Amino acid sequence: MKESITLGRVESRLEALSYPVSRRDAATSLDGVTVLMADGNADLGELVGNCLTAEFADAKDLYYELNNAMPIEALGEPGQSDGDA
């Protein structure tokens, strides 16, 4: 099933996985989920597959690693988010 989500919904999508989960299993489960970013789109399964950690204890671990693996351009320019006023 193909689906598209925004960056703000990534964490809740990760929480739907069963933990602990291997990087490979998480990437397979998330394959086909398109993340809509400030500078284009990316496949969530591919992003998870590019993470360095082999296994994740919970969704927070995976989310943290995923944020480190995403290109900074994907997150937008500093001062451009809704929270920066």
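Everything that follows concerns the structure shown earlier in this document.
Note that the structure is predicted; figures quoted are calculated from it, not measured. As a convention, each chain's residues are numbered from 1 in the sequence order in which they are written. In view of the model being predicted, local features appear only for residues whose pLDDT reaches at least 70, and side-chain atom pairs are presented and counted only at 80 or more, with totals across whole chains, interfaces and linings using the full set of residues. The side-chain numbers reported here are obtained from all heavy atoms of the structure, hydrogens and water having been left aside.

(A) Region of the structure containing the overall build of the protein chain. Secondary structure summary: the protein chain contains 4 helices and 5 strands in total. We call a residue buried when its accessible area falls under 20% of the maximum for its residue type, exposed when it is over 50%, and partly exposed in between, using a 1.4 Å probe and counting protein chains only. Across the 85 residues that make up the protein chain, the buried fraction comes to 29%. The way it works is that DSSP assigns letters per residue, a run of H or I at least four long becomes a helix, a run of E at least two long becomes a strand, and they are numbered from the N terminus.

(B) Just unusual backbone geometry, in detail. Each neighbour pair has its own omega, and for tyrosine 19 with proline 20 the value is 0 degrees, a cis peptide bond. Mapped onto the fold, proline 20 is located in the loop between α1 (10-14) and β2 (21-22).

(C) Geometry of the nonpolar core. Ranked by internal contacts, the top residues of the largest apolar core, which has 21 residues, are Val10, Leu14, Leu44, Val48, Leu62 and Leu66. Among the elements of the structure, α1, α2 (23-30), β3 (33-37), α3 (44-49) and α4 (59-69) are those that each provide at least two residues to this core. What makes two residues a contact is simply this: any of their non-hydrogen atoms within 4.5 Å. The contacts of leucine 14, once residues within four sequence positions are left out, are Tyr19, Leu30, Leu44, Ala59, Leu62, Tyr63 and Leu66. Side-chain atoms within 4.5 Å link the members of a nonpolar core, which is a set of buried Ala, Val, Leu, Ile, Met, Phe, Trp, Tyr and Cys residues.

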